[in-house]
Amino acid sequence: MINAVIVDDSPEARTSLKEDLKRWCPDVHLVGEADSMKSGLSLLKEKNPDVVFLDIELGDGNGFSLLEQLGETTTRVIFTTGMDNFGIRAIKFSALDYLLKPVDPDELVKAVEKVKEDQRRQNISVNLKLLAEQMRPSASSLKRLALNSSDKVQVVNITDIIRCESERNYTTFFLKDKKQIVVTKTLKEYEELLEPMGFVRVHHSHLINLEHLKEFIKHDGGYALMDDNAHVPVSVRKREDLLKALGLS
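Read on for a plain summary of the structure. (Residues numbered from 1 in each chain as written. Predicted model: local features only at pLDDT ≥ 70, side-chain atom pairs only at ≥ 80, totals over all residues. Heavy atoms only, no water.)

### Let's talk about the overall build of the chain
Across its full length, the chain holds eight helices and 17 strands. Each principal axis of the C-alpha distribution contributes one length, and for the chain these read about 60 × 40 × 35 Å. Out of the 249 residues in the chain, the part that is buried amounts to 47%. Within the chain, contacts between residues separated by at least 24 positions form 57% of all contacts whose residues are at least 6 apart in sequence. (Helix = DSSP H or I, 4+ residues; strand = E, 2+ residues; numbered from the N terminus. Buried < 20%, exposed > 50% of the residue type's maximum accessible area, 1.4 Å probe, protein only. Contact = heavy atoms within 4.5 Å.)

### Quick look at the packing of aromatic side chains
Following the criterion strictly, the structure yields two aromatic pairs and no others. Taking 4.9 Å as the distance between ring centres and 90 degrees as the angle between the ring planes, the aromatic pair formed by F173 and Y190 counts as edge-to-face. With F173 in strand 11 (residues 170–175) and Y190 in helix 7 (residues 187–194), this residue pair connects regions lying 17 residues apart in the sequence. Taken as a pair, F173 and Y190 share a single burial class, namely buried. Between R163 and the ring centre of F174, over which it is positioned, the NZ or CZ distance is 3.7 Å. (Phe/Tyr/Trp six-rings, centres within 6.5 Å; stacked < 30°, edge-to-face > 60°. Lys NZ or Arg CZ within 6 Å of the ring centre and 35° of its normal.)

### Looking at helix 3 (residues 63–70)
The complete set of buried residues in helix 3 reads G63, F64, L66, L67 and L70. The arc that holds the buried residues of helix 3, viewed along the axis, is 160 degrees, so those residues lie on one side. Residue N62 occupies the N-cap position of helix 3, its side-chain oxygen lying 3.0 Å from the main-chain nitrogen of F64. Directly after helix 3, the chain includes G71, whose backbone phi takes a positive value near 80 degrees. (Arc of directions from axis to C-beta. Polar contact = N/O pair within 3.5 Å; in protein donor to acceptor, adjacent residues only side chain to side chain.)

### Some details on unusual backbone geometry
Of the consecutive residues K101 and P102, the connecting peptide bond is found in the cis state with omega at -10 degrees. Within the secondary structure, P102 sits in the loop between strand 7 (97–100) and helix 5 (105–117). With phi around 45 degrees, N48 is a residue other than glycine that occupies positive phi space. Following the sequence through the fold, N48 ends up in the loop between helix 2 (37–47) and strand 3 (51–55). The partly exposed category is assigned to N48, whose relative accessible area is 44%. A positive phi angle, near 75 degrees, is found at K178, a position not held by glycine. Judged by its relative accessible area of 75%, K178 is exposed.

### Topic: the sheet that holds strand 16 (residues 223–226)
Within the open sheet, the three strands sit side by side as 15-16-17. Their pairing is antiparallel. What marks the edges here is a single partner per strand, and that holds for strand 15 (213–217) and strand 17 (231–233). On average, each strand axis in the sheet is inclined to that of its neighbour by 25 degrees, with strand direction left out of account. Across three bridges, the pairing between strand 16 and strand 17 is antiparallel. By the bridge assignment for strand 17, L225 is matched with H231. (Pairing = 2+ DSSP bridges. Axes fitted to C-alpha atoms, helices over the stretch in contact; angles between N-to-C directions.)

### Comments concerning the pattern of salt bridges
All told, the structure shown has 15 salt bridges when counted by the stated rule. We note a salt bridge from R76 to D97, for which the minimum N-O separation is 3.5 Å. Pair noted here: R76 is in strand 6 (residues 76–81) and D97 is in strand 7, with a separation of 21 residues, a long-range link. Accessibility classification places R76 together with D97 in one group, the buried group. Here D97 makes a salt bridge to K114, at a shortest N to O gap of 3.3 Å. With D97 in strand 7 and K114 in helix 5, the pair connects residues that are 17 residues apart, well separated along the chain. Overlapping salt bridges bring together D8, D55 and K101 as one network. (Salt bridge = Lys/Arg side-chain N within 4 Å of Asp/Glu carboxyl O.)

### Here's the deal with the pairing of strand 15
Bridge analysis of strand 15 against strand 16 gives four bridges, and the strand direction is antiparallel. Within strand 16, the residue paired with E215 across the bridge is L225. The hairpin turn running from strand 15 into strand 16, its antiparallel successor, is five residues long, and D220 in that turn takes a positive phi close to 55 degrees.

By themselves these figures say nothing about function.
This is the structure we're talking about:
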């Protein structure tokens, strides 16, 4: 059983989410709800739930301020939001979950399943600190990425990522310092995040950072020679995408 609370200033949104949880996620036990930042903060401190469904815009503040005041926590956060694309990307870069309003039942079930799969109650303060950094008005671009590995959250500079390689539902990040980080997310998710930042999917199992591309070798089927001397295969289907990204097509 997962203990949950809802913090949302819209009575209609709270009612709708409660009904969806009751219908689609019977393992979730709702232990409280709040309609403001102040009451939400008190509720989270009192109940210390497994997960909070947190609205971003609250009548007396916002969800980000609430989390900053809450401090270190092991409560998982699932944002419920209608935010713009930048806000959603910042949440993703911080390795946190979100649901767009109106909440899709399938997405709700997926989010709850993630909580059920990982009930170690890890401290997520690193994720929340990165989110606060990403959301600052002065931040001109997203520069760091949170990676949830099996035992800890690691925050990496995007420019330090040389390449990513997938195997089933796992993705391995290869960094400049020769460190490797394995996370339980698909390469597709990271392709969507990193493609606008100079990354190219060159193979169904490989995503590369063009900043760390040394050469594109056309023979032997075609491969990308990276700064770590890895020979990354370039599929026939993706060859044109790479050439276009290099300005050669």
